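The lines below spell out each chain.
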Amino acid sequence: MSAEFGGRTGLRGKLSQWLRGRRPKEAAGDGGREALLLAAAAAGLPLAPAAHPAGYMCSCDRVGCPTPARHPVSFAWQTQSTTDRAQIERWARHQPQANFITATGMVHDVLDVPLQAGREALRRLLEAGIEVGPVAESDDGRMLFFTLTRGTPEDEDEWWPCELDCHPETMDEHPGLRWHCRGSYVLVPPARLPGDQSVHWVRGPEHALPDPLSLLEHLTDACARYAGEEAGHAGAAWPLRR
């Protein structure tokens, strides 16, 4: 499904017109938020409303929300998620402050890495001529690579789990590379975070979704280098004493 979306030149041209010449942060403030959400849905990303910042806190009623402005507003987000244009227009207009999540593992997955590692990997991927799909940055230090999903086979025996698989409740267990697939979600740009931060497109949804395995080696290598540099910095800051 996603490959077809990405391969249709007419649709890609239309998405390019929507996105060309507008920065997501600026578009979110001048009414372009809805167009960006519709572009994501047209590319096959199923959307559902999410919480939004309320000052430095979350718009939800939960005291001490662990993921402020990052979670869906409904527990039924997996069945609620849709690419239906009319429904997304209603949500966007009736909930003008809301962020949106996109449910992974249906049409697409997301490979989620530390920002520094992601930028290095993106540069290397483009230099190598490898097809890269939509990519988003989050101001709190993550980069999101949108890919085709590994699939939702009818026969569960055909599902291949991965130690990188990440769900909302296990995100803290994956400080390096996180693989958002079935049962997970990420914020879709444009989104706002507490502290005047945002999630925005680096490469928009007009780019076709690639096979995740075509990106995985570059991303894991970049994450390993990033982790090594972080460990080196920590060692320099806290030298061992004998």
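This report concerns the structure included in the present document. (Residues numbered from 1 in each chain as written. Predicted model: local features only at pLDDT ≥ 70, side-chain atom pairs only at ≥ 80, totals over all residues. Heavy atoms only, no water.)

All right, on to the sheet that holds strand E4 (residues 99–103) then. Each strand in a sheet pairs with another by means of backbone hydrogen bonds, the pair being arranged parallel or else antiparallel. Taken together, 3 strands build an open sheet; the order of strands is E1-E4-E10 and the sheet is antiparallel. Each edge of the sheet is formed by a strand with only one pairing partner; in this case those strands are strand E1 (47–50) and strand E10 (185–187). Going across the sheet, the axis of each strand differs from the next one's by a mean of 35 degrees, ignoring polarity. Relative to E4, E1 runs antiparallel, the two sharing 4 bridges. By the bridge assignment for E4, Leu47 is matched with Thr102. Of the strands in this sheet, E1 and E4 touch helix H6 (residues 85–94), which is tilted by about 15 degrees from E1. (Pairing = 2+ DSSP bridges. Helix = DSSP H or I, 4+ residues; strand = E, 2+ residues; numbered from the N terminus. Axes fitted to C-alpha atoms, helices over the stretch in contact; angles between N-to-C directions. Contact = heavy atoms within 4.5 Å.)

What follows covers the packing of aromatic side chains. Tallied over the full model, the rule gives 3 aromatic pairs. Consider the rings of Trp77 and Tyr185, whose centres lie 4.9 Å apart with planes at 80 degrees: the pair is edge-to-face. Within this pair, whereas Trp77 is found in helix H5 (residues 77–80), its partner Tyr185 is found in strand E10, the two being separated by 108 residues in sequence. With a relative accessible area of 10%, Trp77 lands in the buried category. Judged by its relative accessible area of 12%, Tyr185 is buried. Judged by centre distance (6.3 Å) and plane angle (45 degrees), the ring pair of Trp91 and Phe100 falls under tilted. (Phe/Tyr/Trp six-rings, centres within 6.5 Å; stacked < 30°, edge-to-face > 60°. Buried < 20%, exposed > 50% of the residue type's maximum accessible area, 1.4 Å probe, protein only.)

This brings us to the pattern of salt bridges. Scanning the model with the defined rule gives 10 salt bridges in all. With a closest N to O distance of 3.0 Å, Arg119 and Glu137 form a salt bridge. A residue pair is termed long-range when its members are at least 10 positions apart, and Arg119 in helix H7 (residues 115–127) and Glu137 in strand E6 (residues 135–138) qualify at 18 residues. In this structure Glu137 comes out as buried when scored by relative accessible area, which is 11%. Taken together, the shared-partner salt bridges connect Asp112, Arg142 and Arg178 into one network. (Salt bridge = Lys/Arg side-chain N within 4 Å of Asp/Glu carboxyl O.)

The buried fraction of strand E7 (residues 142–148) amounts to 6 of the 7 residues, a majority that puts the element mostly inside the structure. Pairing analysis gives 7 bridges linking strand E5 (residues 108–114) to E7, with the strands arranged antiparallel. Along E7, the bridge assignment pairs Asp112 with Leu144. With 4 bridges connecting them, E6 and E7 associate as antiparallel partners. Looking across to E7, one finds that Ser138 is bridged to Arg142. Between E6 and E7, which pair antiparallel in sequence order, lie 3 residues; one of them, Gly141, sits at a positive phi of approximately 105 degrees.

This paragraph deals with the nonpolar core. Core analysis: the largest hydrophobic core is formed by 30 residues, its most contacted members being Leu47, Phe146 and Val188. Elements with a minimum of two residues in this core: helix H4 (32–42), E1, H6, E4, E7, E10, strand E11 (191–193) and strand E12 (197–203). Considering every element that reaches this core, the biggest residue donor is H4, with 5 residues. Discounting chain neighbours no more than four positions away, the residues touching Leu47 are Leu37, Ala41, Gln80, Ser81, Thr82, Ile88, Trp91, Phe100, Ile101, Thr102 and Val188. Counting 19 residues, the second largest nonpolar core, distinct from the first, contains Leu115, Val132, Trp179 and Cys223. (Core = buried A, V, L, I, M, F, W, Y, C linked by side-chain atoms within 4.5 Å.)

Next up on the list: the pairing of E6. Of the two faces of E6, the one holding Val135 and Glu137 and the one holding Ala136 and Ser138 are both buried throughout. Pairing of E6 with E12, which is carried by 4 bridges, proceeds in the antiparallel orientation. Across the sheet, Val135 pairs through a bridge with Arg203, a residue of E12.

From the geometry alone we can't say anything about function, so treat these as descriptive.
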